[in-house]
Amino acid sequence: MALFLRLIEWADDSKNTLVYKYPFKNGGREVNHKSKLIVKESQEAVFVHKGQICDIFPAGTYDMNTDIFPLLSKLAGWKYGFQTPITVDVYFINTKQFTGQKWGTANPIMIRDPEFGMVRVKGYGSYAFKVDDAGAFLKELFGTNSSFVTSDITDYLKTMLVSALTDAIGESKISALDLAGNTTEFNQIVKANIQSKFKEIGLKLTNLFIENMSVPEEVEKAIDERSRLGILGDKTDVMMRVAAAEAMKEAAKNPGTGGDFMGAGVGLGAGVGLGGIFADAFRSAQNSPQSQSEPQKESGRACPKCGASVSAKSKFCPECGEKLATKKFCPECGASVSATAKFCPECGTKF
């Protein structure tokens, strides 16, 4: 005589079980009208008869006689009332949220950056999901296994998430510089775009977090360099000229390193370029207001006939030979002073 179950329930003591197939005693799958079904919170029970879903029961306690058997009898064409047992499979579906599921890009995502060109982007984060349609989930993914855990599906879900994220980044056309500042927006876009695909397999994406988006090390260095130059602002050109001048000075101190420097990959063209930069820096220094004022201080006065610069101590113009006044001029500031004066009345220079 077959043994009939009096109570059908699942005490979930796991953290990652999505589907649990109820294990009937002695290998049988028969129930009769004296059994009861208990479905706990965050669970749904699915009765399957001959491979077809009969009904899905949410949380609650159900009497097999009045709540379940009428439906089974009608579906199976049961002719003998509730006296004969019926063979079924009972699946319990865990409908709670499964949080802390990790995702990450196994390979970098290639995007077209408006500032850096083609850039490879990597990212990682976490997400949460739940079973939203127990019937669809059983049909699409579960099959006939005795249990189904989160690890059986997470690789598939991660693939969908990364695909949606790639589309979102590509369509946004924002720079790699702005990725970190738009993670919340990407969360919303990806979550909205992926929801329909989750729904097709009976699931719902409840949360998505993009914890980090990064670019390769060489791109990070380029970004850091651009930031540094941005801080320098209009002083960048001066800094480059000074650096070139320092390099030339170091090469001059060590004659033997000049050839090494050229042979180390810089090349003759680069050396000439550095020389040009150094020359430009020197000319810039000469043409500065301070440099232009220095010759005037050194000359002291101009020839009254030809206008040539004349030393304060000169008695004749070196250009036209014009005899100059014997008036004495300060060699420091060019002020006119008495021929017998020992100190300049303007700047105090001693003669």
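Residues numbered from 1 in each chain as written. Predicted model: local features only at pLDDT ≥ 70, side-chain atom pairs only at ≥ 80, totals over all residues. Heavy atoms only, no water.

### Thoughts on the packing of aromatic side chains
As enumerated under the stated definition, the model contains eight aromatic pairs in all. Each ring, one from W10 and one from F92, has its centre 6.3 Å from the other, and the planes form 45°; the classification is tilted. In this pair, W10 sits in the loop between strand 1 (7-8) and strand 2 (17-21) while F92 sits in strand 9 (residues 89-94), placing the two residues 82 residues apart along the sequence. For the pair shown, W10 and F92 are each scored as buried. Considering the side-chain rings of F98 and F129, the 5.7 Å spacing of their centres and the 25° angle between planes classify their relative orientation as stacked. Linking F98 in strand 10 (residues 98-104) with F129 in strand 12 (residues 117-131), this pair joins segments that are 31 residues apart in sequence. Comparing F98 with F129 shows no difference in burial state: the two are buried. A connected cluster of aromatic rings, assembled from ring pairs, spans W10, Y20, Y22 and F92. (Phe/Tyr/Trp six-rings, centres within 6.5 Å; stacked < 30°, edge-to-face > 60°. Helix = DSSP H or I, 4+ residues; strand = E, 2+ residues; numbered from the N terminus. Buried < 20%, exposed > 50% of the residue type's maximum accessible area, 1.4 Å probe, protein only.)

### What about the side chain of T95?
Mapped onto the fold, T95 is located in the loop between strand 9 and strand 10. The buried category is assigned to T95, whose relative accessible area is 14%. Those residues in contact with T95 that lie beyond four places of it in its chain are S42, Q43, E44, K130 and V131. (Contact = heavy atoms within 4.5 Å.)

### Description of the sheet that holds strand 7 (residues 60-63)
Ordered in space as 1-4-7, the three strands form an open sheet in which the pairing is mixed. What marks the edges here is a single partner per strand, and that holds for strand 1 and strand 7. Both strand 1 and strand 4 (residues 36-39) contribute to a ladder of two bridges, which runs parallel. The residue of strand 4 that forms the bridge with L7 is K36. (Pairing = 2+ DSSP bridges.)

### Some words on helix 3 (residues 154-172)
Compared with an ideal rise of 1.5 Å per residue, which puts 19 residues at 27 Å, helix 3 spans 27 Å between its outermost C-alpha atoms and is within 8% of the ideal. Every buried residue of helix 3 is accounted for by T154, L157, M160, L161, V162, A164, L165, A168 and I169. With its phi angle positive at about 55°, K173 sits one or two positions after the end of helix 3. (Expected span 1.5 Å × (residues − 1).)

### Digging into the sheet that holds strand 2
Reading across from one edge, 6-5-9-2-13 is the order of the five strands in this open sheet, with antiparallel pairing throughout. Each edge of the open sheet is held by one strand with a lone partner, namely strand 6 (52-57) and strand 13 (147-149). Ignoring strand direction, the axes of neighbouring strands in this sheet form an average angle of 15°. In terms of strand pairing, strand 2 meets strand 9 through three bridges, oriented antiparallel. Bridging across to strand 9, K21 finds its partner in Y91. (Axes fitted to C-alpha atoms, helices over the stretch in contact; angles between N-to-C directions.)

### Concerning the environment of K305
Considering the arrangement of structural elements, one finds K305 in the loop between strand 15 (301-302) and strand 16 (309-310). Looking at K305, the relative accessible area reads 60%, which means it is exposed. Sequence separation between K305 and C317 is twelve residues; the distance between their C-alpha atoms is 8.8 Å. Excluding its chain neighbours within four sequence positions, the residues that come into contact with K305 are C320 and E322.

Fair warning: the whole summary comes from geometry, so function is off the table for now.
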